[in-house]
Amino acid sequence: MTYALVSVVFPAVPVPPVSDGKRPIKLLAKYNYKANVDRPGGFDELSLTQGERLEFIQAHPINPFWWQARNSEEQMGYVPASYLMVNLILLGLPVVGQV
């Protein structure tokens with residue numbers, strides 16, 4: 001009898017940042033992203049420019065791969081969570097290796 005080992009790889013679900021309630025959570029865009037105006041996910045998307053600073057609003061209530069953010073022009077929309085990183089320096093938190 002022969003058995004086949006099958007592995008299924010699921011993408012890691014992004015963990016949304018948790019606010020301390022005192023200051024907004026700052027994000028940094030890792031990549032460019034062009035918003036889809038046709039709203040395929042049923043929600044408004046927001047375009048990103050690599051290096052752009054944003055403010056985290058909330059994770060999508062159903063699809064954790066999308067986070068709502070606000071840009072410097074006060075525009076809000078959902079962006080792919082994997083295109084963002086929490087900006088620890090703007091939060092004033094120590095960064096490993098930082099002197």
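Report follows, based on the coordinates.

The rules behind the values
Residues numbered from 1 in each chain as written. Predicted model: local features only at pLDDT ≥ 70, side-chain atom pairs only at ≥ 80, totals over all residues. Heavy atoms only, no water. Helix = DSSP H or I, 4+ residues; strand = E, 2+ residues; numbered from the N terminus. Contact = heavy atoms within 4.5 Å. Polar contact = N/O pair within 3.5 Å; in protein donor to acceptor, adjacent residues only side chain to side chain. Pairing = 2+ DSSP bridges.

### Topic: the environment of Asn32
Alright, step 1. Topologically, Asn32 is positioned in the loop between β1 (26-29) and β2 (53-59).
Alright, step 2. Along the backbone, Asn32 and Leu48 are 16 residues apart, and their C-alpha atoms lie at a distance of 5.1 Å.
Alright, step 3. Those residues in contact with Asn32, other than ones at most four positions away along the chain, are Leu48, Thr49, Gln50 and Tyr83.
Alright, step 4. A polar side-chain atom of Asn32 sits 2.6 Å from the main-chain amide nitrogen of Gln50.

### A word on the pairing of β2
If a strand is regular, its side chains alternate between the two faces of the sheet.
Alright, step 1. Bridge analysis of β1 against β2 gives three bridges, and the strand direction is antiparallel. Along β2, the bridge assignment pairs Leu28 with Arg53.
Alright, step 2. Sheet topology places β2 next to strand β3 (residues 66-70); four bridges connect them, and they run antiparallel. Residue pairing in the sheet places Phe56 in a bridge with Ala69 of β3.
Alright, step 3. Counting the residues that bridge the hairpin from β2 to β3 gives six residues.

### Remarks on the side chain of His60
Alright, step 1. The residue His60 is located in the loop between β2 and β3 in this model.
Alright, step 2. One polar contact links the side chain of His60 to the main-chain amide nitrogen of Ile62, over a distance of 3.0 Å.
Alright, step 3. Once residues lying within four places of it in the same chain are set aside, the contact partners of His60 are Phe43, Trp66, Trp67 and Tyr78.

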